[in-house]
Amino acid sequence: MDEQAFLTQVKSIEIGKHLPEAIYFHKDSFDTIDGVLRDFLIRISTAIKLTTDEWNVVKLYKRSFRISFLNYPSFFDEAYPSLHTSNTVNLVEKSVKESKYTTSDNPPILHRKELFITEDHPRYEECCHITQEGEAAGLYDNTHIIGFKSSWERLIEQKGYTLVDGRLFRQAVVTLQETDNNKVIDRHKTAIARNELSVPMRNLAKHGYLDGEYSVFDYGCGRGDDLRELEAHGIDAVGWDPNFRPETDKFNCDLVNIGYVINVIEDREERIDALSNAFALADKLLVVSAMLGSESFIRRFKPYKDGVITSINTFQKYYSQGELQTFIEQTLDENAIPVAPGIFFIFKDKIEEQLFLEKRQRRTHHWKQLSSRPQVKLDKFELVLEKNRELFENFWQQCLSLGRLPAAEEFEQSPKLKELIGSHKKVFNLLQKRFDTTDFEKSQVERTQDLSVYFALSFFGKRKPYTQLPKELQLDVKALFGSYNDARDVGKFLLFNIAKTEEIEAACQKTIHQIPAAHLIPSKSLTFHKKFLNDLPVLLRVYVGCAMQLYGELDEIDLIKIHIRSGKCSFMGYDDFSSSPTPPLRERIKVKLADQDVDFFDYVENFQPPPLFGKSKLIDDSFSDYKKQSGFDKKLLSILQQPLPKTAPELKKLLNSKGYQIRGYRFYKV
């Protein structure tokens, strides 16, 4: 059975539990599905060496050629059975991923078991009664927080019930559990007073989400500093906090921020509840942030549960970037997109998600105005053009921005154009005959490259693929690629090629002649300023883009290093990069693409940060200090004439020994 036949068969299935992405049903219901599909599922389970006792629920994906065989051993013995093992078969890649939950304290669980079986099943009525009890108790009011065992048990207790032999009974008294050793954590002390927007909110503003169009809910708003700033700008914003604003009602908004909340909750199941509740309130986008910390940093504190107790008796759970992303994605079953260290965007609106991801790869230009070709005489169009110059100029700039002709709804003055000339195609053809259109050709090439990078990155990592494109992207694909499949093929080709050392090395060699400044160590590495990232060959843009998907955006980063043979990418941030001739390294992030792992190294406290030498090789005359830097580098090399020192104190000592000291970009005799 091929992919198309599989998706057609899945689409026709009427039984089972239907979710947007997949269908689940128990193997007792196999007799009700098409025989071809049934035989196919049995053959696949046999091929991966699963016995009939090792799975009892099958998950069929609606949008991809994948099958999961799930094992709930207590499916009929428990009201809400736990998942023991999952075997997911990717039939495109011919791979199997096994996940085990037998040792987990908080495995996924099933609800509404009657949906997994047919109405004539002998246990169907019993399953219906279990679900009806849960609905009456209000357990299904928020389906985002009921997927895991601990959260489910906590919810049952909060509703005033207890489970006895799998059935719900009302509790007369609810006993609240204390923390270990009766320790009381001072959560309220973690709310920090600020005089500016928090980093998560600044990331929302950076991407245009705080322009007043969207409503905002701050989940765990602390003292409300962000709210006051947002309200001052006329943004519809409200917040809730268990310590400072417990009386505020929680209600849905376009954007929800849960900023540095989950890391101060000492109970893991409560963290899951908080994250799930926040996501349930978001109509478009949830922003999640938490503190990151290295193992050496964490060791300074007293361990408590899976985190530490700080000196002011607050709990902190310090995450790694990958650990935080995994926690979010496993809890919400959604893509978590890193936008900064410890900060992730989770889109509920999938069209908005694709627009966000595509715009990250789009270059911006200040295109030239229309420049005329010589004409022998003015014709009718020339007369119309001269009278409506601004209208045609606006149309031309929109063509350059898109790299194609705009659709009618993409150009506000389209009715006026139609009245004067006719269709957009006719207007464009007339402009082509009379003006220099080389900028448009360049725009087409660059837009195609940007979209190629976008499609390549859509296949990388844990991101779920979405086949429904925003309207703007549909138009782009048709104009620049011909079809969606062709665009995806280009993306796949690029992504697969970043694993080929010879292709990466060839692209690095090409880069030296393609961007204004870079430092190449043959067969080893290519280092360049982030300003030139979008001018790189497309293959290297994909390489760095994959690293950014694991790390986030490069706001605090100055230089990027591509490691040619090791499949790694480093991001370096320097103090005073733009104003110091030897800026000290502040932080270095190494991203291992094959492992999809991120290592952070900072140079603070007892570390001596290494200075950057030869900065003029990595910048061009668009940097304000380029001329001064070039002169400084030449003078420094002429003075030292030996291997350069590794730290700023060593540099100072060496220069003093030769009778010099540095002040700014100049050298003075001691």
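As the structure is a prediction and not an experimental result, all values here were calculated from the model.

**Q** Looking at this structure, I do not really get the packing of aromatic side chains. What am I missing?
**A** Each pair of aromatic rings is reported with the distance of its centres and the angle of its planes. What the rule picks out here adds up to 32 aromatic pairs. Seen in terms of ring centroids, Tyr319 and Phe327 are 6.0 Å apart; in terms of plane orientation they differ by 35°. Their pairing is tilted. When its relative accessible area of 2% is taken as the criterion, Tyr319 is described as buried. Given a relative accessible area of 5%, Phe327 falls into the buried group. Centroid distance Phe345 to Phe347: 6.2 Å. Interplanar angle 80°. Geometry classified as edge-to-face. Residue Phe345 shares its accessibility class with Phe347, and that shared class is buried. An aromatic cluster of at least three residues, connected via ring pairs, comprises Tyr209, Tyr214, Phe345, Phe347 and Phe356. Geometry around Tyr319 places Lys317 over its ring, the cationic atom sitting 5.2 Å from the centre. The ring of Phe279 carries the charged tip of Lys348 above its face, separated from the ring centre by 4.6 Å.

**Q** Mind showing me how you'd approach the pattern of salt bridges here?
**A** Inspection of every chain in the model, using the stated rule, returns 27 salt bridges. Among the ionic pairs, Glu21 bridges to Arg63, the shortest N-O distance being 3.2 Å. With Glu21 in the loop between β1 (17–18) and β2 (22–26) and Arg63 in the loop between β3 (57–61) and β4 (66–71), this pair connects stretches of sequence that are 42 residues apart. Using a relative accessible area of 28% as the deciding quantity, one classes Glu21 as partly exposed. Arg362 is paired through a salt bridge with Glu472; the nearest N and O atoms lie 2.7 Å apart. You can see Arg362 sitting in the loop between α10 (350–360) and α11 (380–387) and its partner Glu472 sitting in helix α16 (residues 471–480), a full 110 residues away along the chain. A residue is classified by how much of its surface remains accessible, and Arg362, at 21% relative accessible area, is partly exposed. Overlapping salt bridges, with partners in common, bring together Glu358, Arg362, Arg404, Glu410, Arg447, Glu472 and Asp476 in one network.

**Q** So what exactly am I meant to see when it comes to the packing of helix α7 (residues 268–281) against helix α9 (residues 321–332) here?
**A** A pair of packed helices is characterised by two quantities: the angle between their axes and the separation of those axes. Relative to each other, α7 and α9 sit at 70°, their axes nearing to 10 Å. The angle between α7 and α9 falls in the class roughly perpendicular. Considering the relative orientation of α7 and α9, their crossing is right-handed. Across the interface between the two elements, Arg268, Arg271, Ile272, Leu275, Ser276 and Phe279 from α7 touch Phe327, Ile328, Thr331 and Leu332 from α9. Looking at the contact of α7 with α9, its residues break down into six nonpolar, two polar and two charged.

**Q** Help me understand the pairing of strand β21 (residues 568–574) in this model?
**A** Summarising burial for β21: six of the seven residues are buried, a large majority. Taken together, the five bridges between strand β20 (residues 559–563) and β21 define a ladder with antiparallel strand orientation. Note on β21: the bridge partner recorded for Leu559 is Met572. Between the end of β20 and the start of β21, which pair antiparallel, lie four residues, with Gly567 showing a positive phi angle near 70°. Looking at chain direction, β21 and strand β22 (residues 585–592) are connected through seven bridges and run antiparallel. Within β22, the residue paired with Phe571 across the bridge is Ile589.

**Q** It is not clear to me how unusual backbone geometry should be interpreted in this structure. Could you clarify?
**A** Glycine aside, residues mostly have negative phi angles, and peptide bonds mostly take the trans form. Unusually for a residue other than glycine, Tyr260 sits at a positive phi of about 55°. Note that Tyr260 resides in the loop between β11 (253–259) and α7. You will see that Lys305, though not glycine, has its phi angle at about 50°, which is positive.

Definitions and cut-offs
- Residues numbered from 1 in each chain as written.
- Predicted model: local features only at pLDDT ≥ 70, side-chain atom pairs only at ≥ 80, totals over all residues.
- Heavy atoms only, no water.
- Phe/Tyr/Trp six-rings, centres within 6.5 Å; stacked < 30°, edge-to-face > 60°.
- Buried < 20%, exposed > 50% of the residue type's maximum accessible area, 1.4 Å probe, protein only.
- Lys NZ or Arg CZ within 6 Å of the ring centre and 35° of its normal.
- Salt bridge = Lys/Arg side-chain N within 4 Å of Asp/Glu carboxyl O.
- Helix = DSSP H or I, 4+ residues; strand = E, 2+ residues; numbered from the N terminus.
- Axes fitted to C-alpha atoms, helices over the stretch in contact; angles between N-to-C directions.
- Parallel < 35°, antiparallel > 145°, perpendicular 65-115°, else oblique.
- Left-handed = near helix turned anticlockwise from the far one by under 90°.
- Contact = heavy atoms within 4.5 Å.
- Nonpolar A, V, L, I, M, F, W, Y, C, P; charged D, E, K, R; others polar.
- Pairing = 2+ DSSP bridges.

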